[in-house]
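# Residue-level structural notes
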Amino acid sequence: MTSITDPNMSDRFSNAMEEIHNKHLKTYGEIIDTTTELCQSHRQLVKSALDTCLKKCKDDDMLFETIQAFKKDLEQINTSLKEKRHAISGMVSEIQQKEMQKDDIIQKIEKLREEQAKRKELIESQNKANKDRLRNLGKARLVFQDHLGMEIRTILGKTQLVKGEKLQFVFRNINPSDQDSAYVVTMGIREDGAYQIVSSDPVLECLPVLESRLQETNNLPAFLANVRKEFISQARR
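Residues numbered from 1 in each chain as written. Predicted model: local features only at pLDDT ≥ 70, side-chain atom pairs only at ≥ 80, totals over all residues. Heavy atoms only, no water.

### Comments concerning the side chain of N175
If you trace the backbone, N175 turns up in the loop between β2 (163–171) and β3 (183–189). Note on N175: relative accessible area 17%, which makes it buried. Non-local contacts of N175, meaning those with residues more than four positions away in its chain, are made with Y183 and A235. (Helix = DSSP H or I, 4+ residues; strand = E, 2+ residues; numbered from the N terminus. Buried < 20%, exposed > 50% of the residue type's maximum accessible area, 1.4 Å probe, protein only. Contact = heavy atoms within 4.5 Å.)

### So, unusual backbone geometry
At the junction of D201 and P202, the peptide bond is cis and its omega measures out at 5° in the coordinates. Residue placement: P202 occurs in the loop between β4 (195–201) and α2 (207–217). Positive phi outside glycine occurs at N173, with the angle close to 60°. Mapping N173 onto the fold places it in the loop between β2 and β3. A relative accessible area of 38% places N173 in the partly exposed class. Despite not being glycine, N218 shows a phi value in the positive range, around 60°. Relative to the helices and strands, N218 resides in the loop between α2 and α3 (220–235).

### Describing the environment of N219
In this fold, N219 is placed in the loop between α2 and α3. Looking at N219, its side chain comes within polar contact range of the main-chain nitrogen of A222, at 3.2 Å. (Polar contact = N/O pair within 3.5 Å; in protein donor to acceptor, adjacent residues only side chain to side chain.)

### Details of the pairing of β3
In terms of burial, β3 is largely enclosed, as six of its seven residues are buried. Relative to β4, β3 runs antiparallel, the two being bridged by six bridges. Bridge pairing links T186 to S199 in β4. (Pairing = 2+ DSSP bridges.)

### A closer look at the pattern of salt bridges
Taken as a whole, this structure holds nine salt bridges when the rule is applied. Linking E19 and K23 is a salt bridge whose minimum nitrogen-to-oxygen distance equals 3.8 Å. A residue pair is termed a helical-turn pair when its members lie 3 or 4 positions apart in one helix, as E19 and K23 do in helix α1 (residues 9–148) at four residues. A salt bridge links R153 to E151, with the nearest nitrogen and oxygen atoms 3.2 Å apart. You can call R153 partly exposed: its relative accessible area is 34%. Of the residues examined, E151 reaches a relative accessible area of 31% and is grouped as partly exposed. Where salt bridges share partners, they join E151, R153 and R172 into one cluster. (Salt bridge = Lys/Arg side-chain N within 4 Å of Asp/Glu carboxyl O.)

Structure representation (structure tokens):
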């Protein structure tokens, strides 16, 4: 063991302490450098993380705005589609209604055509019947007017059943005591083409029976002959 009285002992101790101190300083310096590097690295890491978070937040905000814009556009598109569907539904309903009206008009036109054809057929039938009646009147004029002194007059009818012109058949040479005395039967043609006896002067009680027989047979000369017979029979009572 070295004696503490060794004059070099103090120098060696001082050197040893200085060496230890230098080592500690070096170690502390390394620790400080490492800590500084770690701090800088940490700050860079934190800054990088913060930048990443900020960018992510910004991207999320942009994505949210984009989603909201898409959502708003989708709502507008849905609203537009609903309006278009409603408009199309209205147009379809209108088209269907027009088709129904078209069918109804076609049916009415067909009905009018049928009615017109029936009316034409009826008119032709009435015209034929009127021609036959005119021929009968012509025959009656020859038989009664020329040979029996009967006069045929045309008057205007105003009754509900018989409107327009009516005929008056004026018989003379009925009453032996008064050859010029007039016996009158007034008649016309109804809208359905049938003969219509309006009146007789004097009144003949059997006139409805004679009228019914006339409508059945359409024989006007026979009807006028029977009327004349009834007038003669009544005048001789």
